[in-house]
Amino acid sequence: MTTQRTKTLMAFSILLAIVAVMLVTRHVRAQKQQDPKPSSYSSVIEEPLDVVRARDKAAKAGVMAAHQKLLEERYDLSRHVDDSLRMTRGKPIPVGPTARLKNGLTWEQLGQMSPAEIRDQGIFPYLPLPHVNHPVGGMVFPQTEIKSLPRLERFDMDFDLPDWFLPEIPAAIFLTTRPDLGDVSKGQVVTVDNYYDLFNGILNPKQLEGLRLLVTQFPQQQFNATADRKTEKADGMRGVACFDCHVNGHTSGAFHLVGDIRPQENRRRIETPSLRGVNIQRLFGSQRALKTVEDFTEFEQRAAYFDGDPVGATKKGLNILDRGSQVHDMAEFEELLDFPPAPKLNVYGRLDRTKANESEIRGEELFFGKANCSSCHTPPYYTDNSMHDLQVERFYKPRLEGGMLITAQGPIKTFPLRGIKESPPYLHDGRLLTLEDTVEFFNLVLEIKLTAQEKRDLTAFLRVL
Ligand code: HEC
Ligand code: HEC
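My aim in this report is to walk through the structure given alongside it, one point at a time. (Residues numbered from 1 in each chain as written. Chains lettered and ligands numbered in written order. Predicted model: local features only at pLDDT ≥ 70, side-chain atom pairs only at ≥ 80, totals over all residues.)

## Structural notes on the overall build of the protein chain
What the protein chain contains, in helices and strands, is 14 helices and eight strands. Per-residue burial over the protein chain gives 38% buried out of 465 residues. By sequence separation, contacts in the protein chain at least 24 residues apart represent 69% of the contacts at least 6 residues apart. (Helix = DSSP H or I, 4+ residues; strand = E, 2+ residues; numbered from the N terminus. Buried ≥ 20, exposed ≤ 12 C-beta atoms within 10 Å, placed from the backbone. Contact = placed C-beta atoms within 7 Å.)

## Some remarks on the site of ligand 2
For ligand 2, the set of nearby residues contains 24 residues, the closest of which are Cys373, Cys376, Phe415, Tyr426 and His428. Listing elements by their share of the shell around ligand 2, those giving two or more residues are α13 (435–445) and α14 (452–464). With three residues, α13 is the single largest residue contributor to the shell around ligand 2. A breakdown of the residues in the shell around ligand 2 according to their chemical character gives 15 nonpolar, nine polar and no charged. (Near = placed C-beta within 6 Å. Nonpolar A, V, L, I, M, F, W, Y, C, P; charged D, E, K, R; others polar.)

## Notes on the site of ligand 1
Taken together, 27 residues form the shell around ligand 1, and within it Cys242, Cys245, Gly285, Ser286 and Glu300 come nearest. Listed by contribution, the elements that provide at least two residues to the shell around ligand 1 are α8 (242–245), α9 (293–302) and α11 (323–334). For the shell around ligand 1, the element with the most residues is α9, which contributes five residues.

## Brief notes about unusual backbone geometry
Here Gly96 and Pro97 are connected by a cis peptide whose omega angle stands at 0°. Within the fold, Pro97 resides in the loop between β2 (92–94) and α3 (107–112). The step from Pro379 to Pro380 runs through a cis peptide bond, and the omega angle for that step is 10°. Positionally, Pro380 belongs in the loop between α12 (358–368) and β5 (387–388). In this structure, Asn103 takes a positive phi of about 55° despite not being glycine. You can see Asn103 is positioned in the loop between β2 and α3. With a phi close to 65°, Tyr382 is a non-glycine residue in the positive phi region. Inspection of the secondary structure puts Tyr382 in the loop between α12 and β5.

## Topic: the nonpolar core
Ranked by size, the top nonpolar core spans 59 residues in total, and within it Val140 and Leu214 carry the most contacts. If you list the elements that add at least two residues to this core, you get α7 (205–214), α8, β3 (255–257), α9, α11 and α13. Excluding its chain neighbours within four sequence positions, the residues that come into contact with Leu214 are Ala241, Cys242, Phe243, Met330 and Phe333. Judged by nonpolar contacts, the second largest core, of 16 residues, contains Leu366, Ala371, Leu435 and Val464. (Core = buried A, V, L, I, M, F, W, Y, C linked by C-beta atoms within 7 Å.)

## With respect to the packing of α13 against α14
For the pair α13 and α14, interaxial distance at closest approach is 9 Å and the crossing angle is 125°. For the element pair α13 / α14, the angle class is oblique. As α13 packs across α14, the resulting crossing turns out to be right-handed. Residues Leu435, Glu436, Val439 and Asn443 of α13 form the contact with α14, whose own contacting residues are Lys455, Leu458, Thr459, Leu462 and Arg463. Split by residue class, the contact of α13 with α14 holds four nonpolar, two polar and three charged. (Axes fitted to C-alpha atoms, helices over the stretch in contact; angles between N-to-C directions. Parallel < 35°, antiparallel > 145°, perpendicular 65-115°, else oblique. Left-handed = near helix turned anticlockwise from the far one by under 90°.)

## Overview of the packing of α7 against α11
The N-to-C vectors of α7 and α11 enclose an angle of 95°; their axes lie 7 Å apart at closest approach. Relative to α11, α7 is oriented roughly perpendicular. Here α7 contributes Lys206, Gln207, Glu209, Gly210, Leu211, Leu213 and Leu214 to the contact with α11, which in turn contributes Gln326, Asp329, Met330, Glu332 and Phe333.

This is the structure in structure tokens:
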């Protein structure tokens, strides 16, 4: 009797299990059919930090090696600098071109080829640059910066480009309101510890408060107090400050992935632009096209810090800035940041011919003539405050490289060229490591067939802007 009942019960249980498995499988299959696309949302359910950290650390050497290989294939990363031409506080500027040419071609031969020929032979030297670990992404800070601010270190990846291709740290700070003071940085990285000593008596109290907020840490996707983070440091868990990337109101060269695009492989690597001269600009972000410095200031913490995902932001500690009493203060300070002095330019932003040498003069003539750079980069600040689609995809076939989909990128902001020698690497993703590379890039993109001498002259002109 008892065995009979047990048998029936077992048979029933097995039947139930089979039905359950069938139901679950059907449900999963139905879900997959309904939703073949990846979601725009990332999961808020996290694995334990020690599990993730152990896995990330074990994988780190491999991640770095794979990315280094990609970089080495594209660029000569060795140190070539011009000691006679330095950034304001003395760092020599890097000299290129650094891009490696395929098939033994010379720059002159490449410049004679059509975009279609370059595309079909797969020899375009300036492909979009992936993030160090594109599927993961997030903010990554240069090693030299981490030396002075160890809280910015991540346990899963390091910065990729050598220091000589980056802006100087600390950078000089020039204020539009106090040009009489020259560089007000006193050779220091401005942080919450020293901002008051450095700026009390120079700024008004409202601007001082704005600066305080710009150097104060707030939670961010990789730097926060939840288990979903990439920092091991207690002070890293407090978040990042605006001036961790825009160091001294300029840039350290820190990068992350733009938050506005899905799926992940279509997102762009974006290198931190300088805040020098935001006062004369009317369009902010490489593609976001926000209209005021106030908007961008508010947007950074509300959206960019969390990859444009308010769900994760709520979990990790979204800091809502008050528009009237905080955003305005921060923006007022940002608007004071001036471009560095350009002693060879006159009031129109054109060369003062009594101070310029022959090569610089020829370079200016090319810029406004044969090379036609001035149709987008208009003086005195060398931006038209607009966006342009350079149609760079004419030169390559779409494909995945380093976890990134190399494809058409659309219109991008015309970044100003004033003070340009102080903010390598160039373009929104930093794929051009030197000014020489920007000249080679535009020589191809605009199909202007410059000679070697003309390229040298154009570079000489960019160096005085
Ligand atoms: C990852 C480091 C990082 C941090 C931290 C950061 N920014 Fe940015 N910032 C960027 C990048 C990258 C861009 C370019 C965005 C784009 O291309 O859309 C940018 C763009 C900007 C711009 C527009 C500049 C232009 O030329 O279009 C402003 C203004 C700005 N940031 C202000 C801030 C403020 C204020 C904060 C703090 C609330 C902040 N940023 C924090 C990296 C950073
Ligand atoms: C059709 C408009 C257009 C023309 C013409 C043009 N540019 Fe640009 N320039 C841009 C845009 C747009 C960007 C930003 C592209 C990006 O980030 O992907 C840019 C970026 C740059 C940068 C990098 C700026 C930075 O902060 O990273 C340099 C340098 C530059 N241009 C120099 C030149 C030179 C030199 C010429 C002439 C040979 C030239 N440009 C012609 C639109 C133009």
